[in-house]
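This is what each chain is made of:
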Amino acid sequence: MDGQVTLEVAEGVGVLTLDRPAKHNAITNAMAAQLAAHAQAINADDGVRAVLLRGAGDRAFCAGMDLRAIEAYRTAWDFRHRPDYPGAVRAIRKPVVAAIKGWALGGGFELAMAADIRIAAESSRIGFPEVTRGWVGGGGASQMLPRIAGFGQAMRLLLTGEQIDAAEALRLRLVEQMVPDAALEDTARALCARLAGLSPVAVQAVKAAVRQSLEAPLTAGLAYENEMNVLCLAALREGTAP
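Residues numbered from 1 in each chain as written. Predicted model: local features only at pLDDT ≥ 70, side-chain atom pairs only at ≥ 80, totals over all residues. Heavy atoms only, no water.

**Quick notes on helix α1 (residues 29–44)**
Part 1: In a regular helix each residue adds 1.5 Å, so 16 residues correspond to 22 Å; α1 covers 23 Å between its end C-alpha atoms and thus fits that length.
Part 2: When α1 is considered as a whole, its buried residues turn out to be M31, A32, Q34, L35, H38, A39, I42 and N43.
Part 3: Looking at the buried side of α1, the elements it contacts are β1 (4–10), β2 (13–19), β3 (50–55), α4 (85–90) and α5 (107–113). (Helix = DSSP H or I, 4+ residues; strand = E, 2+ residues; numbered from the N terminus. Expected span 1.5 Å × (residues − 1). Buried < 20%, exposed > 50% of the residue type's maximum accessible area, 1.4 Å probe, protein only. Contact = heavy atoms within 4.5 Å.)

See the structure below:
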């Protein structure tokens, strides 16, 4: 098989690995479908309380969608209905930590932005080269980047296709933490283990409330937060919170 996405679960942590290191973990159509299936399985499995998203090998987290996968679509209309692999990660209800090492380009970093927390190794190189190829990314960059880094920085990165290093990504708040390459895996796994040890009701309620803040006006967001608060209290009182 030319690449795959694997899911391994241990001690409450589901590890999603993009396993195509010879091609910088570029996503094929089959891999996109596998990722979507794993995301659904994670949501259905109460034994998974946190998720680690990583790329195999040392050279790349993910270089985006394989260009040959795009060429496989006969028409632009067919391409419109391609598997949405960043959307699959966004749909995971459990907290997702992305461990980024090496290249994270285009759809690869859109995939990372679909996670909740991003930890970057010092070797990381992040960029959105789509404009240099004549198109715009379709996995969320134009919508998420302004929310994370602000309008001006989003325009700089998206209009130029410029690549930045991990230190610049940290400064722009594109990642939450930068660590030496050798410490990336242990740091990300330790964070996932910590999240997995908390109440899944509370953790998922926090995630839902914060994600709602990206879309709802303040009044609606505050009301939603209160509903999540009541849900957690009810679970605690009824003894249904794990």
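**Considering a nonpolar patch on the surface**
Part 1: Taken together, the side chains of F151, M155 and L159 define a hydrophobic patch exposed on the protein surface, amounting to about 340 Å² of accessible area.
Part 2: Assignment of secondary structure puts L159 in helix α8 (residues 151–160).
Part 3: Among the residues examined, L159 registers a relative accessible area of 56% and is labelled exposed. (Patch = residues over 30% accessible without salt bridge, like charges linked within 9 Å, V, L, I, M, F, W, Y side chains within 5 Å. Areas by Shrake-Rupley, 256 points an atom, 1.4 Å probe, with all protein chains shown as cover. Salt bridge = Lys/Arg side-chain N within 4 Å of Asp/Glu carboxyl O.)

**What to know about the sheet that holds strand β10 (residues 177–179)**
Part 1: Reading across the sheet, the 6 strands line up as β1-β2-β3-β5-β7-β10 and stay open at both edges, with mixed pairing between neighbours. If you trace the sheet from one side to the other, it starts and ends with β1 and β10, each paired once. Taken over all neighbouring pairs, the strand axes of this sheet differ in orientation by 20° on average, direction set aside.
Part 2: Strand contacts of α1: β1, β2 and β3, with the helix running at about 20° to β1, the strand carrying the most contacts.
Part 3: Running at roughly 165° to β3, helix α10 (residues 184–196) makes contact with β2, β3, β5 (96–100), β7 (117–121) and β10 of the sheet. (Pairing = 2+ DSSP bridges. Axes fitted to C-alpha atoms, helices over the stretch in contact; angles between N-to-C directions.)

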